[in-house]
Amino acid sequence: MTQLVRHIRSNEDTSGRVWPLRTQEVSYIGSACVVESAGDFDTQDLALVRHQFPDRHVTLDGDVITVWPAASHGRL
């Protein structure tokens, strides 16, 4: 599986997505997205990422925000 890691130098990437100011790395593993910081993100950071992925499950665990792959319909 290919993994793309980008170091963020501003809070906007080439896709036009705006990341929390604390973001240091954004990596994509398949359709999942992992946003990492040197310090903990807060609930406002989580809300910013959730706003950009409205149909996806997004979680916060300290210094990592994960955008989970979309659930496939019709499969158990």
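Read on for an overview of the structure.

About the thresholds
Residues numbered from 1 in each chain as written. Predicted model: local features only at pLDDT ≥ 70, side-chain atom pairs only at ≥ 80, totals over all residues. Heavy atoms only, no water. Helix = DSSP H or I, 4+ residues; strand = E, 2+ residues; numbered from the N terminus. Buried < 20%, exposed > 50% of the residue type's maximum accessible area, 1.4 Å probe, protein only. Contact = heavy atoms within 4.5 Å. Areas by Shrake-Rupley, 256 points an atom, 1.4 Å probe, with all protein chains shown as cover.

Now for the overall build of the protein. Across its full length, the protein holds 1 helix and 5 strands. Taken from N to C terminus, the helices and strands of the protein fall in the order β-β-β-α-β-β. Going through the 76 residues of the protein one by one, you find that 30% of them count as buried. Nonlocal contacts in the protein, meaning residues at least 24 apart in sequence, comprise 33% of its contacts between residues at least 6 apart. Just so you have it, the protein exposes about 5300 Å², and 51% of that area is on carbon and sulfur atoms.

On to the side chain of Thr66, then. With respect to the helices, strands and loops of the structure, Thr66 is situated in strand 5 (residues 64-67). Leaving out residues up to four positions away in the same chain, Thr66 has contacts with Cys33, His57, Val58 and Thr59.

Here Ala38 shows up in the loop between strand 3 (32-37) and helix 1 (43-52). Sequence-wise, Ala38 and Arg22 are 16 residues apart; in three dimensions their C-alpha atoms are separated by 7.4 Å. Not counting residues up to four positions away in its chain, the partners in contact with Ala38 are Arg22 and Gln24.

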